[in-house]
2 protein chains.
Amino acid sequence: MTNLTIALDAMGGDFGPRITVPACLRALASNPHLKILLVGQPDSISPLLANQNAELISRLQVIPAEHIVANDAKPSQAIRASKGTSMRVALDLVKTGEAQACVSAGNTGVLMGLAKLRLNAIDGIERPALVSILPNQKKGKTVVLDLGANVNCDSKMLVQFAVMGAVMAEEIAEIDSPKVALLNIGEEESKGLDNIREAATVLKSTPNINYIGYVEGNELLTGKTDVLVCDGFAGNVSLKTMEGVIRVFLSLIKSSTTENKKTSWWMKILKKWLQKRLIKRFGHMNPDQYNGASLLGLRGIVIKSHGGANESAFTAAIEQAVHAVERKIPERIASRLTTVLPKSD
Amino acid sequence: MTNLTIALDAMGGDFGPRITVPACLRALASNPHLKILLVGQPDSISPLLANQNAELISRLQVIPAEHIVANDAKPSQAIRASKGTSMRVALDLVKTGEAQACVSAGNTGVLMGLAKLRLNAIDGIERPALVSILPNQKKGKTVVLDLGANVNCDSKMLVQFAVMGAVMAEEIAEIDSPKVALLNIGEEESKGLDNIREAATVLKSTPNINYIGYVEGNELLTGKTDVLVCDGFAGNVSLKTMEGVIRVFLSLIKSSTTENKKTSWWMKILKKWLQKRLIKRFGHMNPDQYNGASLLGLRGIVIKSHGGANESAFTAAIEQAVHAVERKIPERIASRLTTVLPKSD
């Protein structure tokens with residue numbers, strides 16, 4: 001049995017322990033070999049653990065940390081003042097090997113900066129990137145990065161993201177020779193920003209990368225590319241837009257039965273049934289189902305949950321950490337990177 | 001009766017006259033007072049006009065232009081070499097007053113640059129922006145700009161976009177004191193890029209603007225803000241992502257009846273009926289329905305259609321031009337701008 005211990009920043013996110021503690025109990029219930037180190041203020045955590053299942057509690061340990069990284073903190077300042085925060089303590093548990101992964105819904109910029117400082121980047125990677133694997137229309141998967149860890153990216157970083165994304169697609173999504181594209185505002189070579197055009201030039205001549213060119217935002221879910229590379233600003237805008245549109249659609253479907261009062265009872269039942277089927281059909285696209293982006297490029301597993309994640313979304317982020325540990329993602333990526341990464345000049 | 005003549009770049013877009021000519025006939029049929037100046041290569045246009053309704057043809061005049069701006073042309077070069085292109089001839093018809101608006105599905109960068117050169121910008125506006133009015137979840141409208149005319153924007157441009165967007169929301173969407181927000185990757189003040197943070201500082205102290213702060217991509221359709229301001233890269237990524245997700249949803253709904261072969265006939269009929277209702281319900285979000293973004297900030301009306309627009313989408317872009325002429329958008333915006341625009345230092 002592999003050792004499977006995850007450090008959880010209990011205080012991060014918009015709701016803190018109110019969400020993270022119940023999510024942690026759910027993850028423990030569905031993973032009988034999982035242990036969780038719950039890092040945060042014991043006073044806020046303990047009441048939420050009262051009267052819970054003793055077996056689950058036996059696999060959970062509260063690690064005290066009195067300070068909290070503020071959601072609106074400026075990364076540079078917050079990193080300097082991070083000692084004793086639940087986020088840093090949780091990351092350090094990965095550093096020392098007491099945990100195999102860390103999950104946090106806290107401030108993205110601080111998590112990214114702290115993770116890089118405490119866990120270090122894989123050789124050849126300048127800046128880690130936030131990556132998600134999204135379901136696509138072709139029933140396959142699309143690896144998208146960066147989703148918000150780096151708002152300013154030069155062409156070199158984009159190339160490194162492309163390489164990490166390709167390895168992730170091969171190793172995790174099990175896609176042979178994955179197609180790699182750069183997100184741009186047109187498919188023509190002259191389009192977009194300088195860093196994107198420069199990255200395109202490099203990727204075209206990188207032998208181990210199956211570079212297919214630019215794609216636009218409308219291809220995010222179509223499966224046209226297996227790996228979609230962009231800077232953290234554009235990636236975050238695209239992902240959040242997608243999530244927003246899906247939520248609007250799901251809420252429109254849900255409200256579509258209450259429209260007409262004259263509908264007969266059997267019609268209502270049928271509509272409810274069909275509605276359920278539609279929600280199920282679109283369910284795999286529900287943002288809560290794939291909450292949790294990996295911070296890729298580090299010597300350790302760090303999963304960033306949405307700050308506003310609800311209980312089931314935060315549980316999904318913990319499950320992602322479990323899978324990442326089981327599949328040894330950082331080791332596999334590090335070993336593949338050395339063969340794929342273009343030699344730096 | 002107002003004079004209502006629109007110049008159409010018949011050659012622009014991915015499909016040229018094959019799409020633009022039938023769309024033009026449809027627009028003529030639904031607007032009995034409309035006249036269209038169809039600019040392009042007579043040899044490609046004339047065959048498509050053969051055997052068409054004589055009354056429609058009587059309100060249509062082909063203006064010969066032998067050259068075409070390539071979809072993948074670099075704006076700076078293409079603008080220098082633009083003499084005799086259908087795009088430039090169409091814009092010049094607006095300049096001389098022979099037409100009140102121009103519609104093109106051609107190269108965005110070239111259209112933007114040429115339009116600025118031929119029609120000039122409104123006083124106080126450095127760069128025109130592409131703007132669309134999107135339907136939102138609250139059954140209201142959201143003005144979004146820039147959607148791709150300017151990939152690099154400094155804070156001054158973002159502030160001007162905010163002002164133009166607010167005026168558009170008041171004058172066209174008829175919203176009192178419209179809420180204005182900047183698109184960012186978090187709601188906290190420290191988030192995002194320098195130009196966005198600088199624009200926020202200016203907007204906060206601009207008395208005629210109801211600035212509400214940052215919003216993220218997931219708020220594009222929720223109606224949280226009436227005006228959403230961003231640079232052309234982020235705006236294009238967000239809009240295209242939205243369109244892509246909506247298309248995926250519509251296609252999932254359409255395919256959801258063919259799933260199960262054992263379904264009884266009456267169930268099939270019911271499902272078809274419900275499916276139709278759902279498509280109708282989401283129909284107002286179908287990208288084809290609101291194709292056409294206005295190039296805002298010019299002394300004239302220029303509507304940019306999607307390059308890949310189909311016949312009904314291109315017709316929607318022509319209809320937008322008709323409405324813009326009827327509502328005298330540039331004049332109303334220019335006259336309001338003088339009272340709202342912060343004095344330049």
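Residues numbered from 1 in each chain as written. Chains lettered and ligands numbered in written order. Predicted model: local features only at pLDDT ≥ 70, side-chain atom pairs only at ≥ 80, totals over all residues. Heavy atoms only, no water.

Novice: A description of the pairing of strand 8 (residues 210–215) of chain B should follow, citing residues and the corresponding values.
Specialist: Residue and element names in this part refer to chain B. Here 5 bridges tie strand 7 (residues 179–183) to strand 8, and the two strands are oriented parallel to one another. In the strand pairing of strand 8, Leu 183 is matched with Val 215. Taken together, strand 7, helix 8 (residues 194–204) and strand 8 form a β-α-β motif whose crossover is right-handed. (Pairing = 2+ DSSP bridges. Helix = DSSP H or I, 4+ residues; strand = E, 2+ residues; numbered from the N terminus. Right-handed = clockwise from strand over helix to strand, strands pointing away.)

Novice: Break down a nonpolar patch on the surface for me, citing the residues and quoting the values.
Specialist: A cluster of nonpolar side chains, A:Trp265, A:Trp266 and A:Ile269, forms an exposed patch at the surface whose accessible area comes to about 410 Å². A residue is classified by how much of its surface remains accessible, and A:Trp265, at 63% relative accessible area, is exposed. (Patch = residues over 30% accessible without salt bridge, like charges linked within 9 Å, V, L, I, M, F, W, Y side chains within 5 Å. Areas by Shrake-Rupley, 256 points an atom, 1.4 Å probe, with all protein chains shown as cover. Salt bridge = Lys/Arg side-chain N within 4 Å of Asp/Glu carboxyl O. Buried < 20%, exposed > 50% of the residue type's maximum accessible area, 1.4 Å probe, protein only.)

Novice: Break down unusual backbone geometry for me, with residues and values.
Specialist: For residues that are not glycine, phi is negative in most cases, and the peptide bond is trans in most cases. Along the chain, A:Leu145 connects to A:Asp146 via a cis peptide bond; the corresponding omega equals 0 degrees. Unusually for a residue other than glycine, A:Asn51 sits at a positive phi of about 65 degrees. Note on placement: A:Asn51 falls in the loop between helix 2 (42–49) and helix 3 (54–58). Of note, the phi angle at B:Lys139 is positive, near 60 degrees, even though the residue is not glycine. Secondary-structure assignment places B:Lys139 in the loop between strand 5 (129–135) and strand 6 (141–145).

Novice: Account for the interface of chain A and chain B, naming residues and giving values.
Specialist: How big an interface is tends to be expressed through the accessible area that disappears when the partners come together. With 51 residues of chain A at the contact, the number on the chain B side is 51 residues. Both faces considered, chain A and chain B share a buried interface measuring about 4,900 Å² in area, 73% of it formed by carbon and sulfur atoms. Scanning the region where chain A abuts chain B turns up 2 salt bridges. A salt bridge links A:Glu216 to B:Lys240; its shortest N-O distance comes to 2.2 Å. Linking chain A with chain B are 6 residue pairs in polar contact (both at pLDDT 80 or more). Listed by contribution, the elements that provide at least two residues to the side of chain A that touches chain B are helix 9 (232–255) and helix 10 (265–283) of chain A. No other element matches the 17 residues that helix 9 of chain A contributes to the side of chain A that touches chain B. Class assignment for the residues of the side of chain A that touches chain B results in 26 nonpolar, 16 polar and 9 charged. (Contact = heavy atoms within 4.5 Å. Buried area = accessible area lost by both parts, 1.4 Å probe. Polar contact = N/O pair within 3.5 Å; in protein donor to acceptor, adjacent residues only side chain to side chain. Nonpolar A, V, L, I, M, F, W, Y, C, P; charged D, E, K, R; others polar.)

Novice: I'd like a description of the relation of the copies chain A and chain B, backed by residues and values.
Specialist: Take chain A, turn it by 180 degrees, move it 0.0 Å along the axis, and it overlays chain B with an RMSD of 0.0 Å. Given the turn and translation reported, the copies of this chain are related as if by a two-fold rotation axis. Of the interface residues in chain A, 100% have counterparts in chain B that sit at the interface too, so the contact is made through matching surfaces. (Least-squares fit on C-alpha atoms with pLDDT ≥ 70 in both.)

Novice: Describe the pattern of salt bridges, with residues and values.
Specialist: All chains considered together, the criterion is met by 18 salt bridges over all chains. Between A:Glu171 and A:Arg332 there is a salt bridge, and its shortest N-O distance comes to 2.8 Å. Of this pair, A:Glu171 sits in helix 7 (residues 155–171) while A:Arg332 sits in helix 12 (residues 329–340); the two residues are 161 residues apart in sequence, bridging distant segments of the chain. In this structure, B:Glu311 and B:Arg26 form a salt bridge, with 3.2 Å as the shortest nitrogen-oxygen distance. Within this pair, whereas B:Glu311 is found in helix 11 (residues 311–326), its partner B:Arg26 is found in helix 1 (residues 17–30), the two being separated by 285 residues in sequence. With a relative accessible area of 40%, B:Arg26 lands in the partly exposed category.

Novice: Explain the nonpolar core residue by residue, including any values.
Specialist: Ranked by internal contacts, the top residues of the largest apolar core, which has 242 residues, are A:Leu145 and B:Leu145. Excluding anything up to four places from it in sequence, A:Leu145 contacts A:Ala129, A:Leu130, A:Val131, A:Phe161, A:Met164, A:Gly165, A:Val227, A:Leu228, A:Val229, A:Cys230 and A:Leu296. (Core = buried A, V, L, I, M, F, W, Y, C linked by side-chain atoms within 4.5 Å.)

Novice: Account for the domain arrangement of chain A, naming residues and giving values.
Specialist: Residue and element names in this part refer to chain A. The assigned domain composition of chain A is domain 1 (1–122 + 297–328) and domain 2 (126–292). Facing 18 residues of domain 1, the contacting portion of domain 2 comprises 18 residues. Approximately 1,400 Å² of surface area, both sides summed, lies buried where domain 1 meets domain 2, with 56% of it carried by carbon and sulfur atoms. The three residues of domain 1 that bury the most area against domain 2 are Met 112, His 306 and Arg 327, which together make up 41% of that side's buried surface. At the junction of domain 1 with domain 2, the criterion picks out 1 salt bridge. Of the charged contacts in the structure, one is a salt bridge between Arg 327 and Glu 174, with a shortest N-O distance of 3.0 Å. Along the contact surface separating domain 1 from domain 2 lie 8 residue pairs in polar contact (both at pLDDT 80 or more). (Domains from an automatic or database assignment.)

Novice: Now, about the environment of B:Ile57: what can you tell me, with residues and values included?
Specialist: All names here are of chain B. Along the polypeptide, Ile 57 turns up in helix 3 (residues 54–58). Between the C-alpha atom of Ile 57 and that of Ile 36, which follows or precedes it by 21 residues, the distance is 9.5 Å. Leaving out residues up to four positions away in the same chain, Ile 57 has contacts with Leu 25, Leu 49 and Gln 52.

Novice: So what about the side chain of A:Lys240? Which residues, and what values?
Specialist: Checked against the element boundaries, A:Lys240 lands in helix 9. Overall, A:Lys240 belongs to the buried group, its relative accessible area being 10%. Aside from chain neighbours lying at most four places away, what touches A:Lys240 is A:His306, B:Ile185, B:Glu216, B:Gly217 and B:Asn218.

Novice: I'd like to hear about helix 6 (residues 108–119) of chain A, residue by residue, with values.
Specialist: Residues and elements named next belong to chain A. End to end, helix 6 covers 16 Å across 12 residues, agreeing with the expected 16 Å (1.5 Å per residue, within 8%). The set of residues buried in helix 6 consists of Val 110, Leu 111, Met 112, Gly 113, Leu 114, Ala 115 and Leu 119. Turning to helix 6, the residues buried within the fold contact helix 4 (75–80), helix 5 (86–95), strand 4 (101–104), strand 10 (293–296) and strand 11 (301–304). Here helix 6 starts with a cap whose side-chain oxygen sits 3.1 Å from the backbone nitrogen of Gly 109, and that cap is Asn 107. Asn 120, located one to two residues past helix 6, shows a positive phi value of around 70 degrees. (Expected span 1.5 Å × (residues − 1).)

Novice: An account of the sheet that holds strand 9 (residues 227–229) of chain A is needed here, citing residue identities and associated values.
Specialist: All names here are of chain A. Spatial strand order, 3-2-1-4-11-10-5-6-9-7-8: 11 strands in an open sheet with mixed pairing. Pairing within the sheet leaves two strands with one partner each, and these edge strands are strand 3 (60–64) and strand 8 (210–215). For this sheet, the mean inter-axis angle between neighbouring strands, taken without regard to orientation, is 25 degrees. In this sheet, strand 10 lies alongside strand 5 (residues 129–135) in antiparallel orientation, the contact comprising 3 bridges. Note on strand 10: the bridge partner recorded for Leu 130 is Leu 295. Running over the sheet, helix 2 touches strand 2 (35–40) and strand 3 and is turned about 160 degrees from strand 3. (Axes fitted to C-alpha atoms, helices over the stretch in contact; angles between N-to-C directions.)

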